[in-house]
Number of protein chains: 2
Amino acid sequence: MAELVESVQEVRRAIATARAIGKRIGLVPTMGALHDGHVRLIADCRAEAGLVVVSIFVNPTQFGPGEDFERYPRPLDDDLERCEAAGAALVFAPTTATVYPHGSRSTFVEVAGLSDILEGASRPGHFRGVATVVLKLFEIVQPDLAIFGQKDYQQQLLIRRMVEDLHVPVEVHTRPTVREPDGLALSSRNRYLNPQERQAATVLHRALEQASRAVAGGERRGDRVRQILRETLESEQLVRIDYAEVADADTLAPLDDLEAGRRAVALVAARVGTTRLIDNAVLEE
Amino acid sequence: MAELVESVQEVRRAIATARAIGKRIGLVPTMGALHDGHVRLIADCRAEAGLVVVSIFVNPTQFGPGEDFERYPRPLDDDLERCEAAGAALVFAPTTATVYPHGSRSTFVEVAGLSDILEGASRPGHFRGVATVVLKLFEIVQPDLAIFGQKDYQQQLLIRRMVEDLHVPVEVHTRPTVREPDGLALSSRNRYLNPQERQAATVLHRALEQASRAVAGGERRGDRVRQILRETLESEQLVRIDYAEVADADTLAPLDDLEAGRRAVALVAARVGTTRLIDNAVLEE
């Protein structure tokens, strides 16, 4: 089995041993409830690192009031099996008191400019929590590389910016979103969906596909692409749009024109019933 | 001569070489304009580390509007000589663009609870700048230990808190304030004082001595100790008090009663002419 450790001392000891024999250390930060998207991240990490650490920590500071912190799934035994099968040697599952020794309102990290738009506008404080906990995990594990999924597009961008700004010596890798056969992006929150909602939820991916096709076909007007996203999402009665945006893929600034040579990304967030889902697609000209 | 490097790559390369042969790495973060207090920190660091790095960076984000960022002294040649003489092998003097690759308003670190009181109340944003730049320096240099002076009492406390909260693998050491023969704490800003102001400035230390004597003699009332600080400071016409506080030495919470077994610190800030000076004393019962 993958070794399960809870303390900073234990994880550092295990890592020091691996590093002493020349192994590269990879980290896959997660909140547990692992699905095949996480499994892919772990396997990809294993291909690049001699020792893979998976962190499992449902981080309270990235949940807002009324969000699903309490009911967020925590199937630890199942998670451990998946980690093991995917090639992780170490699972770091700290307590909240370990991660936040002086409480959750002490030191925090904020990535100004990327934290208050899109997901950050919908979820105030979310990215402060994300940046803070990811930096802590980087400090604890001191990995050579860390892998994130593209499904959380803004998150991986924000972590890259944080790492560059703070000069954190960690390589950040991003891997493509893993999807169900019908296109739904894998998410730990998909399990909240009832069968009708599950069916309706595919509209996020369909909207992104429509937008991608339009851009591939020559559409350059940002507003027209946003309209395609909205109209497709609105075709499902169970879906309420949170945002549907076309933005610069590096800065997330909204785009009026999709100029040649500038990467654009379409990002959507919507409630399907009571479950909030996100998805995105980089738009290839 | 101590080697002068400007880039992250250069400093990391030099450090990797030293670490590969088993040397401990020590960091003394400074804004330059080095005085004998800094020299003592460097020498103390050299006693504990095989390689001492002194960083010299006048950090714009810790200065407020109207403060002395522009005229802050930058005597680099003199600084290099002092570093060399004190035993530093490496001087890291980065540009602002190196330290802040996405500008000074991108990622920042805040130590909530310790940032907005005392120095932080007088200098809004100061400690955000301090915490952010010190974390960056820790990430760039990855020292085993870093040394700070007690003169900036709140700063060293805040850095300790940040390091604990974020699990940064750096030992933080604090060294006693170095003083002129008449008691004035050494400071790069003392050079701003004219002869009369220089004379008057000794009142900060005298006020702290009076307070220390009162507490050593049995005084336990916080307000009485604050009054002693204020009355002594007010005895100098050239001095305008900014704050004169008696606080818990670990949390900086103001103290009403100096209970046995709880460490207290007296902290003063005052303008002497146009120059703002600070000093402090831990109060021994």
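Computed from a prediction, not measured in an experiment: that's the story for all the values here.

### Focus on the nonpolar core
Part 1: Counting residues in hydrophobic clusters, the biggest one holds 175 residues, and the most contacted among them are V268(A) and V268(B).
Part 2: The residues touching V268(B), leaving out its near neighbours within four places in the chain, are L204(B), A207(B), L208(B), L229(B), L233(B), Y243(B), A244(B), I278(B), D279(B) and N280(B).

### Brief notes about the interface of chain B and chain A
Part 1: Counting residues at the interface gives 25 residues for chain B, matched by 25 residues for chain A.
Part 2: Of all the secondary-structure elements, those providing two or more residues to the side of chain B that touches chain A are β5 (107-111), α6 (126-141) and α7 (153-166) of chain B.
Part 3: Residues that form the side of chain B that touches chain A fall into these classes: 12 nonpolar, 6 polar and 7 charged.

### Points about the pairing of strand β9 (residues 264-272) of chain B
Residue and element names in this part refer to chain B.
Part 1: In terms of burial, β9 is a largely internal element, 8 of the 9 residues being buried.
Part 2: Alignment of strand β8 (residues 239-248) against β9, held across 9 bridges, turns out to be antiparallel. Paired with R240 across the two strands is R271, which belongs to β9.
Part 3: Taken together, the 9 bridges between β9 and strand β10 (residues 275-283) define a ladder with antiparallel strand orientation. Directly across from A270, in β10, lies its bridge partner L277.

### Let's talk about unusual backbone geometry
A negative phi holds for most residues other than glycine; trans holds for most peptide bonds.
All names here are of chain A.
Part 1: Notably, A33 is not glycine yet its phi reads approximately 50°, a positive angle.
Part 2: Secondary-structure assignment places A33 in the loop between β2 (25-30) and α2 (36-48).
Part 3: Backbone geometry at H167 places phi at a positive 60°, although glycine is not the residue there.
Part 4: Within the element layout of this structure, H167 appears in the loop between α7 (153-166) and β7 (171-175).
Part 5: H167 gets classed as buried once you count the C-beta atoms within 10 Å, which come to 20.

### Some points on the sheet that holds strand β8 (residues 239-248) of chain A
Residues and elements named next belong to chain A.
Part 1: With antiparallel pairing, 3 strands are arranged side by side in an open sheet as β8-β9-β10. Of all the strands in the sheet, just β8 and β10 (275-283) have a single pairing partner and so form its edges. This sheet shows a mean twist of 15° between the axes of neighbouring strands, independent of strand direction.
Part 2: Helix α9 (residues 203-216) contacts β8, β9 (264-272) and β10 of the sheet and is inclined by roughly 20° relative to β10.

### What about the sheet that holds strand β4 (residues 90-92) of chain A?
Residues and elements named next belong to chain A.
Part 1: Spatial ordering of the open sheet is given by β1-β4-β3-β2-β6-β7, a layout of 6 strands whose pairing is parallel. Pairing within the sheet leaves two strands with one partner each, and these edge strands are β1 (3-5) and β7. Across the sheet, the mean angle from the axis of one strand to that of its neighbour is 25°, orientation sign disregarded.
Part 2: Bridge analysis of strand β6 (residues 145-149) against β7 gives 5 bridges, and the strand direction is parallel. Looking at the pairing, A146 lines up with V172 of β7.
Part 3: Relative to the sheet, α2 contacts β2, β3 (51-56), β6 and β7, its axis offset from that of β2 by approximately 170°.
Part 4: Lying on the sheet, α7 is in contact with β6 and β7; it crosses β7 at an angle near 170°.

### A closer look at the packing of α9(A) against helix α10 (residues 222-234) of chain A
Residue and element names in this part refer to chain A.
Part 1: Two elements in contact, α9 and α10, have axes whose closest approach is 8 Å; the angle formed by their N-to-C orientations is 150°. Between α9 and α10, the crossing angle belongs to the class labelled roughly antiparallel. The chirality of how α9 crosses α10 is right-handed. When α9 is examined against α10, the residues V203, R206, A207, Q210, A211, A214 and V215 are found in contact with a partner set consisting of V225, I228, L229, T232 and L233.
Part 2: Tallied by class, the residues present in the contact of α9 with α10 amount to 9 nonpolar, 2 polar and 1 charged.

### Thoughts on the relation of the copies chain B and chain A
Part 1: Turning chain B through 180° and shifting it by 0.0 Å along the axis lays it on chain A, with an RMSD of 0.0 Å. With respect to symmetry, the two chain copies, as superposed, fit the operation of a two-fold axis. Taking C-alpha positions as the reference, the residue of chain B nearest the rotation axis is V109(B), at 2.3 Å.
Part 2: Of the interface residues in chain B, 100% have counterparts in chain A that sit at the interface too, so the contact is made through matching surfaces.

### Let's talk about the packing of helix α9 (residues 202-216) of chain B against helix α10 (residues 222-234) of chain B
Residues and elements named next belong to chain B.
Part 1: Two numbers describe how α9 lies on α10: the axes approach to 8 Å, and their chain directions differ by 150°. Here α9 lies roughly antiparallel to α10, going by the angle between them. Along this stretch, α9 crosses α10, giving a crossing that reads as right-handed. Side by side, α9 and α10 meet where V203, R206, A207, Q210, A211, A214 and V215 of the first sit next to V225, I228, L229, T232 and L233 of the second.
Part 2: Looking at the contact of α9 with α10 residue by residue, the class counts come to 9 nonpolar, 2 polar and 1 charged.

### Regarding the domain arrangement of chain A
Residues and elements named next belong to chain A.
Part 1: Split by domain assignment, chain A resolves into domain 1 (3-175) and domain 2 (188-280).
Part 2: Elements that contribute at least two residues to the side of domain 1 that touches domain 2 include exactly α5 (119-122) and α7.
Part 3: Its residues placed into classes, the side of domain 1 that touches domain 2 shows 8 nonpolar, 3 polar and 2 charged.

The rules behind these values
- Residues numbered from 1 in each chain as written.
- Chains lettered and ligands numbered in written order.
- Predicted model: local features only at pLDDT ≥ 70, side-chain atom pairs only at ≥ 80, totals over all residues.
- Core = buried A, V, L, I, M, F, W, Y, C linked by C-beta atoms within 7 Å.
- Buried ≥ 20, exposed ≤ 12 C-beta atoms within 10 Å, placed from the backbone.
- Contact = placed C-beta atoms within 7 Å.
- Helix = DSSP H or I, 4+ residues; strand = E, 2+ residues; numbered from the N terminus.
- Nonpolar A, V, L, I, M, F, W, Y, C, P; charged D, E, K, R; others polar.
- Pairing = 2+ DSSP bridges.
- Axes fitted to C-alpha atoms, helices over the stretch in contact; angles between N-to-C directions.
- Parallel < 35°, antiparallel > 145°, perpendicular 65-115°, else oblique.
- Left-handed = near helix turned anticlockwise from the far one by under 90°.
- Least-squares fit on C-alpha atoms with pLDDT ≥ 70 in both.
- Domains from an automatic or database assignment.

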